[in-house]
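Coordinate analysis (summary)
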Amino acid sequence: MELIESVRKISFNVERQLDILRREDEEAIKQVSVTPFIEALGYDTRNLDEVKSQFAVGNDWVDYAIKHDRKPIILVEAKRATDTLSEKRWTQLYDYYCATEAKYAVLTNGIVFQFYTDLYKRDIMDKLPFLTLDMCDFRAGLVKRLEAFTKSGFDPERARLSAKRSALYRSVQKEFVNPSADLVTHFIKSITYSLPKEEDKVLLKEVFDNFIKDEIAKRLPVVGPETIRKDKVTIEPLPKLRSNDTTEIVEIPLYAEYEGKAFEATLLFNPLSKSGDQYLMKKTRIRFAGEVMAVNVAETKARKSIVPDAKESWKGWDRWKLHDPRTGELRAIRELLDDFTLRDQFLGDA
């Protein structure tokens, strides 16, 4: 079974048994999540040349050592599901890391998996993980980054490049959401002799957000509501605005993932598409692959472009997501309709 599908199955089992796991010790977490995860990477947990549980490190033991050519390459320390993976836990793994020749380490409570290496200083484990996976928030794109750490795909240079790429992505993402003082200074100095002010940080984030929206808009064909397709499903036209109202359709960039592939679309949100105070999902449309369509149609097209005979249900209102302008986090479309504060961020004076 491929890596993404194997981890998807682990994610399903963890979510399904979450309440039970929170009452059990770390052995339950190993059984349901950690051991299956190591096996998803392609390593045989019954072969001591590949995986050694309770691997000796000085006078202590780390839960697992994953080996390559019989040498430890990845250490895995497992904790209870209720463990918060605090600095104390990081320090414990740090000591194990520095005492072995392993280049990678994983700290997990079976729900969250944090991956570490030594990008900042050679042979010294970084303070921040280069990648974090949450089994209760499955993301195929993040899982795909682990292909360089699988048994069949492991190569020291490839693995390090993957770790560096993931860490750089995290750093860029952080800067876009909350620009650092150094970055603000860099950009302000490129346009003016004045020193950066406090409001310049907010201004830079606004510029970043607009730049991303403009780049996405360049890649999406511009089409009107007249292109709505009605094959196989019945789709209502976009709700018409009242003749005495100048409100326009608000276009919001959307993102989704399926089988490791990223999809982009545009939410065509009509501020008047509501009955009383309730916004109507059935009247909300997406522009996807050059066509305007209902959310469920867009999700079906996305799935079938990867797996033509896919039959499972993909929850479009939860899977198509947008960036929260306040935090940079991805939020499901459904939350846009329910969260008036989030909605106001996009609608403004609409």
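Going by the structure above, here's the rest.
Residues numbered from 1 in each chain as written. Predicted model: local features only at pLDDT ≥ 70, side-chain atom pairs only at ≥ 80, totals over all residues. Heavy atoms only, no water.

Looking at the secondary structure, you find Arg165 in helix 6 (residues 156–177). The exposure class assigned to Arg165 is exposed, which follows from its relative accessible area of 52%. Sequence-wise, Arg165 and Leu131 are 34 residues apart; in three dimensions their C-alpha atoms are separated by 9.7 Å. (Helix = DSSP H or I, 4+ residues; strand = E, 2+ residues; numbered from the N terminus. Buried < 20%, exposed > 50% of the residue type's maximum accessible area, 1.4 Å probe, protein only.)

Let's shift gears to the layout of surface pockets. As a volume, the second largest pocket reaches approximately 380 Å³. With 5 residues, the top contributor of residues to the lining of the second largest pocket is helix 6. A per-class count over the lining of the second largest pocket returns 7 nonpolar, 2 polar and 4 charged. (1 Å grid on protein atoms, 1.4 Å probe; cavity = no way out; pocket = protein on both sides within 12 Å on 5 of 7 lines; lining within 4 Å. Points joined across faces, edges and corners; volume = space filled by probe spheres on them. Nonpolar A, V, L, I, M, F, W, Y, C, P; charged D, E, K, R; others polar.)

Okay, empty space enclosed by the protein next. Going through the model one piece at a time under the given rule, you end up with 2 cavities of 30 Å³ or more. For the lining of the largest cavity, the leading source of residues is helix 3 (residues 26–40), giving 3 residues. A class-by-class count of the residues in the lining of the largest cavity yields 13 nonpolar, no polar and no charged. Here the second largest cavity is characterised by a volume of approximately 50 Å³. Lining the second largest cavity, in full, are Val7, Leu133, Asp134, Met135, Asp137, Phe138, Arg139, Leu142 and Val143.

Turning to the pairing of strand 5 (residues 112–116), a few remarks are in order. Burial of strand 5 is extensive: 5 of the 5 residues sit out of reach of the surface. Here strand 5 shows two buried faces, one formed by Val112, Gln114 and Tyr116 and the other by Phe113 and Phe115. Of the pairings in the sheet, the one linking strand 4 (residues 104–108) to strand 5 comprises 4 bridges and is antiparallel in character. Bridge pairing in strand 5 links Val106 to Phe115. Hairpin remark: strand 4 followed by strand 5, antiparallel, with 3 residues in the connecting loop; positive phi at Gly110, about 85 degrees. Summarising the sheet, strand 5 and strand 6 (residues 131–134) pair through 4 bridges and their orientation is antiparallel. Bridge assignment links Phe115 to a residue of strand 6, and that residue is Leu131. (Pairing = 2+ DSSP bridges.)

Every α-helix carries 3.6 residues per turn, so stepping three or four residues along brings you back to the same face. Taken as a whole, helix 3 carries its principal kink of about 35 degrees at Val32; the proline Pro36 stands between one and four residues after it. All buried positions along helix 3 are accounted for by Ala28, Ile29, Lys30, Val32, Ser33, Val34, Thr35, Phe37, Ile38 and Ala40. The backbone nitrogen of Glu27 has a side-chain oxygen 3.1 Å away, supplied by the residue at the start of helix 3, namely Asp25. Backbone geometry just downstream of helix 3 places Gly42 in the positive-phi region, at approximately 100 degrees. (Bend = angle between axes of the 7 residues up to and from the residue. Polar contact = N/O pair within 3.5 Å; in protein donor to acceptor, adjacent residues only side chain to side chain.)

The subject of this paragraph is the sheet that holds strand 5. Here we have 6 strands laid out as an open sheet, ordered 1-2-3-4-5-6, and mixed in their pairing. Each end of this open sheet is capped by a strand with a single partner; those strands are strand 1 (51–57) and strand 6. Recorded for the sheet is a direction-independent mean angle of 30 degrees between the axes of neighbouring strands. As paired elements, strand 3 (residues 71–78) and strand 4 share 5 bridges and run parallel to each other. Residue pairing across strands places Glu77 opposite Leu107, the latter belonging to strand 4. On the sheet, helix 4 (residues 87–98) packs against strand 1, strand 2 (60–68), strand 3, strand 4 and strand 5 and is oriented at approximately 155 degrees with respect to strand 4. (Axes fitted to C-alpha atoms, helices over the stretch in contact; angles between N-to-C directions. Contact = heavy atoms within 4.5 Å.)

Another aspect to go through is helix 4. With 12 residues, helix 4 ought to run about 16 Å at 1.5 Å a step, and its terminal C-alpha atoms sit 16 Å apart, in line with that. Those residues of helix 4 that sit buried are Trp90, Leu93, Tyr96 and Tyr97. All buried residues of helix 4 fall inside an arc of 120 degrees around its axis, so they share one side. Away from the buried face of helix 4 by more than 90 degrees, exposed residues Glu87 and Lys88 are located. For helix 4, the elements touching its buried residues are strand 1, strand 2, strand 3, strand 4 and strand 5. (Expected span 1.5 Å × (residues − 1). Arc of directions from axis to C-beta.)

The analysis is restricted to geometry; functional conclusions fall outside its scope.
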